[in-house]
Amino acid sequence: MAVRADDPTLADAAHEWKSAYIHIPFCRRRCPYCDFAIVDESSTAVDHERYVHAVLTEIATADDFAVLDAVNLGGGTPSLLTADQVARIIAALGERFGLDSDVEISMELNPEDWTTGFGEGLAEAGVTRVSIGTQSMDPSVLGVLGRVHQPHRVAEVVTEARPLFGSLSVDLIFGHAAESAASWEATVAAALALDVDHISTYALTVEPGTRLAAAVRDGAPEPDPDTQADRYERFLELSDAAGFDRYEVSNHARPGKACRYNLSTWAHGEYAAFGMAAHGHRWGTRTRNHRRIDRYLEAVEAGRRPILGSEALDACAQERDRLMLGLRLAAGTPMSRVATAFVASEAGRALLTAGVMEVRSGRLIVTRPLLSDAVAREALSVPVSDC
């Protein structure tokens, strides 16, 4: 029987997995809500092949790590690469680190980029999982979110991709003022009717410097937190009934189909990172690459590591990191020294009394997932001496 995505033994195993993240920054245009590190090709032209060559060089010259259990190509829009370019990146990872015989290689993909031939090329390259950027199944909501595909295209991609990959996922965004309760209900129903194994749900946020932030500043309605909470809770009800388990605040999967890279990062696993703006976590050190494409390319092409900054974490800081990340997991986090100190603190006792979190089978678990980040902020109040 497949293991439930929220099983604590799976979360603990994920803590030991080794992963790699590859950032593919290219987008045809920047969506109005997006503040990610991307290259907006409507205003900036960058040779994809030059970038891929830089990533391959970065991989080839990376420090030793470990055989990889999971790989994730994110962005940006990884599906703007060719299947051959994706294959070369995967092959480089295999040559440098090795790939576990059961490795999960996941890639984000926009519906408008899909063709059956492209999908076949990705499968041949070694991709085992694709995450389809769906956002909504309502055409009017897709329009205000700046998306160019139509809902029927998502269903077509799922049907054509199903025989090629071991796992399929769709991403949804909820809470735009243009979205009604009925619209969200229809989007969720349509997503659950697809033959997918995993659904990610993200509340729309207004990030500084985005077109959405400018619109809100000029008087457009901003997302309402109470409405977003209602949307999220309704999704939990419907997805649970459809056989999906929430394993992290934003991620829901059928048994055996949790995204390994996602689970590993939230379980405080180690991961190498390659590409512009990529963040890594290895051997107690967090690193971040140059966020500007020109700086990244210049560094790699000059034979330098493209690392913009790093932070070495002592044992206490690592324990705190694992606690704060693990609070987002449905399985919770082990009762480490810092977790025990948090539970014993005034803030921890108040949260236990309020039923926001609980200690169960040696794990600290947040029972109201939308409050996970608030609980993590309270956990930061634990004195370092308690580590």
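Treat the numbers as computed from the prediction; the structure is a model and nothing was measured.

*Asks:* Any details on the overall build of the protein chain? Residues and values, ideally.
*Replies:* On a plain count of helices and strands, the protein chain comes out with 15 helices and 17 strands. Relative to the compact-globule value of 21 Å for 387 residues, the protein chain shows a C-alpha radius of gyration of 21 Å, a close match. If you line up the protein chain on its principal axes, its C-alpha atoms span 55 × 50 × 50 Å. When the 387 residues of the protein chain are sorted by exposure, 54% land in the buried category.

*Asks:* Quick one: what's the story with helix α7 (residues 181–193), residue by residue and with numbers?
*Replies:* For α7, spanning 13 residues, the distance from its first C-alpha to its last is 18 Å, which sits close to the expected 18 Å at 1.5 Å a residue. Among all positions of α7, only S183, W184, T187, V188, A191 and L192 are buried. Down the axis of α7, the buried set is contained in an arc of 165°. They therefore lie on one face. Set apart from the buried face of α7 by more than 90 degrees, the exposed residues are A182 and A193. Here the buried face of α7 lies against α5 (139–144), β7 (167–174), β8 (198–203) and α9 (225–241).

*Asks:* Can you tell me about the sheet that holds strand β15 (residues 333–334), naming the residues and giving the values?
*Replies:* Strand order in the open sheet formed by three strands is β15-β17-β16, with antiparallel pairing between adjacent strands. At either margin of the open sheet sits one strand with a lone partner, and together these are β15 and β16 (357–360). Relative to strand β17 (residues 363–366), β15 runs antiparallel, the two sharing two bridges. Counterpart to T333 in the pairing with β17 is L364.

*Asks:* An account of the packing of helix α13 (residues 337–344) against helix α14 (residues 346–353) is requested, with residue identities and associated values reported.
*Replies:* Between α13 and α14, the shortest axis-to-axis distance is 4 Å and the interhelical angle comes to 75°. One finds that α13 runs roughly perpendicular with respect to α14. Contact residues: F342, V343 and A344 in α13; E346, A347, G348, R349, L351 and L352 in α14.

*Asks:* Can you lay out unusual backbone geometry for me, pointing to particular residues and giving the numbers?
*Replies:* With an omega dihedral of 15°, the bond running from G75 to G76 counts as a cis peptide bond. In this fold, G76 is placed in the loop between β4 (68–75) and α3 (83–96). Of note in this structure, A277 is not a glycine but carries a positive phi near 65°. Summarising the element assignment, A277 is placed in the loop between β11 (270–274) and β12 (279–282).

*Asks:* Report on the packing of helix α2 (residues 48–60) against helix α11 (residues 293–301), specifying residues and quantitative values.
*Replies:* As a packed pair, α2 and α11 sit with axes 10 Å apart at the nearest point and diverge in direction by 50°. Between α2 and α11, the angle falls in the class oblique. In this structure, the crossing between α2 and α11 has a hand that is left-handed. Contacts between α2 and α11 pair R50, Y51, A54, V55, T57 and E58 from the former with I293, Y296, L297, V300 and E301 from the latter. Residue composition of the contact of α2 with α11, grouped by class: seven nonpolar, one polar and three charged.

*Asks:* Quick one: what's the story with the state of the cysteines, residue by residue and with numbers?
*Replies:* A complete count under the given rule lists zero disulfides for this structure. Cysteine C31 shares no disulfide, and the gap to the nearest cysteine sulfur, in C34, comes to 6.3 Å. Judged by relative accessible area, which is 13%, C31 ranks as buried. Free cysteine: C34, not disulfide-bonded; nearest cysteine sulfur from C27 at 6.2 Å.

*Asks:* Which residues make up the side chain of H149, and what are the values?
*Replies:* Residue position: H149 is located in the loop between α5 and α6 (151–161). At 3.2 Å, the side chain of H149 forms a polar contact with the backbone oxygen of T134. Every residue in contact with H149, bar those within four places of it in the chain, is listed here: P111, E112, G133, T134, Q135, S136, L142 and V154.

*Asks:* Could you give an account of the packing of aromatic side chains, with specific residues and numbers?
*Replies:* Counted by the stated rule, this structure contains 10 aromatic pairs. On the numbers, 5.4 Å between centres and 50° between planes, the contact of F174 with W184 is tilted. Note that F174 is positioned in strand β7 and W184 in helix α7, a separation of 10 residues in sequence. For W184, a relative accessible area of 2% translates into the label buried. With a centroid separation of 6.3 Å and 40° between ring planes, the pair formed by F174 and Y232 is classed as tilted.

*Asks:* So what's going on with the environment of R217? Residues and values would help.
*Replies:* Assignment of secondary structure puts R217 in helix α8 (residues 211–217). Separated by 133 residues in sequence, R217 and D84 have C-alpha atoms that sit 44 Å apart.

*Asks:* How would you sum up the pattern of salt bridges? Please name residues and give values.
*Replies:* For the structure on display, the rule yields 24 salt bridges. A salt bridge links D12 to R322, with the nearest nitrogen and oxygen atoms 3.7 Å apart. Within this pair, whereas D12 is found in helix α1 (residues 8–14), its partner R322 is found in helix α12 (residues 315–326), the two being separated by 310 residues in sequence. Exposure remark for D12: the relative accessible area of 29% places this residue in the partly exposed category. Across the salt bridge formed by R88 and E49, the nearest N and O atoms sit 2.4 Å from each other. Here E49 lies in helix α2 and R88 lies in helix α3, a separation of 39 residues in the sequence.

Rules behind the numbers
Residues numbered from 1 in each chain as written. Predicted model: local features only at pLDDT ≥ 70, side-chain atom pairs only at ≥ 80, totals over all residues. Heavy atoms only, no water. Helix = DSSP H or I, 4+ residues; strand = E, 2+ residues; numbered from the N terminus. Rg over C-alpha atoms; globule rule 2.2 N^0.38 Å. Buried < 20%, exposed > 50% of the residue type's maximum accessible area, 1.4 Å probe, protein only. Expected span 1.5 Å × (residues − 1). Arc of directions from axis to C-beta. Contact = heavy atoms within 4.5 Å. Pairing = 2+ DSSP bridges. Axes fitted to C-alpha atoms, helices over the stretch in contact; angles between N-to-C directions. Parallel < 35°, antiparallel > 145°, perpendicular 65-115°, else oblique. Left-handed = near helix turned anticlockwise from the far one by under 90°. Nonpolar A, V, L, I, M, F, W, Y, C, P; charged D, E, K, R; others polar. Disulfide = S-S within 2.5 Å. Polar contact = N/O pair within 3.5 Å; in protein donor to acceptor, adjacent residues only side chain to side chain. Phe/Tyr/Trp six-rings, centres within 6.5 Å; stacked < 30°, edge-to-face > 60°. Salt bridge = Lys/Arg side-chain N within 4 Å of Asp/Glu carboxyl O.

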